[in-house]
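# Observations on chain architecture
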Amino acid sequence: MADSNTGKALYAVHQGTYVLKLIGEIRVPICATLDSFIEGMFQDSQLNSVLIDLSKTQIIDSTALGLLAKIAIQTRKRFHRKPLIISTEPDVTRILDTMGFEKVFNIVHEEPVKSPAMSEMPNVPCDERNAFEKVLEAHRILMDMNERNHETFKNVVAALEKPLEEGVSPDPAFCCGDTKVHRFS
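The structure contained in this document is the topic of the report that follows. (Residues numbered from 1 in each chain as written. Predicted model: local features only at pLDDT ≥ 70, side-chain atom pairs only at ≥ 80, totals over all residues. Heavy atoms only, no water.)

## Some remarks on the overall build of the protein
Applicable threshold: The helix and strand labels rest on DSSP assignments: H or I over at least four residues marks a helix, E over at least two residues marks a strand, and numbering proceeds from the N terminus. With a 1.4 Å probe rolled over the protein chains alone, any residue whose accessible area is under 20% of its type maximum counts as buried; one over 50% counts as exposed, and the rest are partly exposed. Contacts are residue-level and defined by heavy atoms, with any inter-residue pair within 4.5 Å sufficient. Here the accessible surface of atoms and residues is derived via Shrake-Rupley with a 1.4 Å probe, and residues count as covered only by protein chains that are part of the display.
A tally of helices and strands in the protein yields six helices and seven strands. Counting helices and strands in the order they occur from the N terminus, the protein gives β-β-α-β-β-α-β-α-β-β-α-α-α. Residue burial in the protein is summarised as follows: out of 185 residues, 45% are buried. Relative to all contacts within the protein whose residues are 6 or more apart in sequence, the contacts with residues 24 or more apart total 71%. Accessible area for the protein stands at about 9,200 Å²; split by element, carbon and sulfur atoms hold 49% of it.

## Considerations on the pairing of strand E1 (residues 8-14)
Using the following cut-off: A pair of strands is treated as paired once DSSP finds two or more bridges between them.
Pairing analysis gives seven bridges linking E1 to strand E2 (residues 17-26), with the strands arranged antiparallel. Looking at E2, one finds that His14 is bridged to Thr17. Pairing geometry for E1 and strand E7 (residues 119-120), over two bridges, is antiparallel. What sits directly across from Leu10, in E7, is Glu120.

## Observations concerning unusual backbone geometry
Although it is not a glycine, Gln15 sits at a positive phi angle of roughly 50°. Within the fold, Gln15 resides in the loop between E1 and E2. Despite not being glycine, His80 shows a phi value in the positive range, around 60°. Position of His80 among the secondary structure elements: in the loop between helix H2 (62-79) and strand E5 (84-86).

## Thoughts on the nonpolar core
Quick reminder of the rule: In this text, buried Ala, Val, Leu, Ile, Met, Phe, Trp, Tyr and Cys residues form a nonpolar core when linked through side-chain atoms within 4.5 Å.
Leu20, Met41, Leu68, Ile71 and Phe101 are the most contacted members of the largest nonpolar core, which totals 45 residues. Taken together, the elements giving at least two residues each to this core come down to E2, helix H1 (28-41), strand E3 (49-53), H2, helix H3 (90-99), helix H4 (128-145) and helix H5 (147-165). Per element, the largest residue contribution to this core is eight residues, and it comes from H2. Those residues in contact with Leu20 that lie beyond four places of it in its chain are Leu10, Tyr11, Leu34, Phe37, Met41, Val50, Leu51, Ile52, Asp53, Ile71, Met118 and Met121.

## With respect to the packing of aromatic side chains
Our working rule: For Phe, Tyr and Trp, rings pair up if their centres lie within 6.5 Å, where Trp contributes its six-membered ring, and each pair is then called stacked (planes under 30 degrees apart), edge-to-face (over 60) or tilted (otherwise).
One pass over the full model with this rule turns up three aromatic pairs. Within the aromatic cluster, the residues linked to one another by ring pairs are Tyr11, Tyr18 and Phe37.

## Re H3
Inclusion rule: What the arc measures is the spread of directions leading from the helix axis to the C-beta atoms.
For H3, every residue scored as buried is listed here: Val92, Thr93, Ile95, Leu96 and Met99. One side of H3 carries all its buried residues, which in axial view fall inside an arc of 160°. Where H3 is buried, its residues contact strand E4 (57-60), H2, E5, strand E6 (106-108), H4 and H5.

## A few points about the pattern of salt bridges
What counts here: Within this document, salt bridges are pairs made up of a side-chain nitrogen of Lys or Arg and a carboxyl oxygen of Asp or Glu, the two lying within 4 Å of each other.
Per the counting criterion, the structure on display carries nine salt bridges. With a shortest N-O distance of 3.0 Å, Lys154 and Glu151 are connected by a salt bridge. Placement of both Lys154 and Glu151 in helix H5 is noted, with a separation of three residues, approximately one turn of the helix. For Lys154, a relative accessible area of 34% corresponds to the partly exposed category. For Glu151, a relative accessible area of 41% gives the class partly exposed. Taken together, the shared-partner salt bridges connect Asp35, Glu39, Lys70, Lys134 and Glu137 into one network.

## Topic: the packing of H4 against H5
Going by this rule: All axes are obtained by fitting lines to C-alpha atoms, using only the stretch in contact for helices, and the reported angles, taken between N-to-C directions, cover 0 to 180 degrees. The handedness criterion is simple: a crossing whose near helix is rotated anticlockwise from the far helix by less than a right angle is left-handed, and one whose near helix is rotated clockwise is right-handed. Note that Gly is not counted as nonpolar here; it falls among the polar residues with everything else outside the nonpolar set of Ala, Val, Leu, Ile, Met, Phe, Trp, Tyr, Cys and Pro and the charged set of Asp, Glu, Lys and Arg.
It is the contact of H4 with H5, at a shortest axis distance of 8 Å, that shows an interaxial angle of 145°. Crossing of H4 against H5: the hand is left-handed. Each of Arg129, Phe132, Val135, Leu136, His139, Arg140, Leu142, Met143 and Met145 in H4 lies in contact with H5, whose residues at this interface are Asn149, His150, Phe153, Lys154, Val156, Val157, Leu160, Glu161 and Leu164. In the contact of H4 with H5, the residues fall into 11 nonpolar, three polar and four charged.

Right, dumping it as structure tokens:
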């Protein structure tokens, strides 16, 4: 399990439908687990739809949002339709609206009627390098979603890419230190 301070990532699979439920504070440390799960999910030949339940999400940072956008992009490529997000928390819904998620997801603002039996996603430890890669990838995805996000995240992406261009190791504090820098709540 990821650090309990960051929240939990649960899942269920039923007849090719993947249900992902993110509970609590979803921040950088859980993103290696989430990204690994997403990669495996899209390798499943039985996959036919994705539902993301954010009804118990209190905080979600921009790195996690970028990974959710990754799901939308892959779902559109593979199935030519949008995945579904359930968002009942006003702060989370505001973030989704601000990021333009309504263009890449179908968003429902009601609690799920029935929740399937869920399992915790297999934990993938988040070391500094892994976290840096997830933060950079997620912000590039968000930046490419729309012009507003491009303006919002271009300086973050540039700051993350600069050490790579100079051939030096990135400062882990930028993406792994105080994750409140990437918090939208």
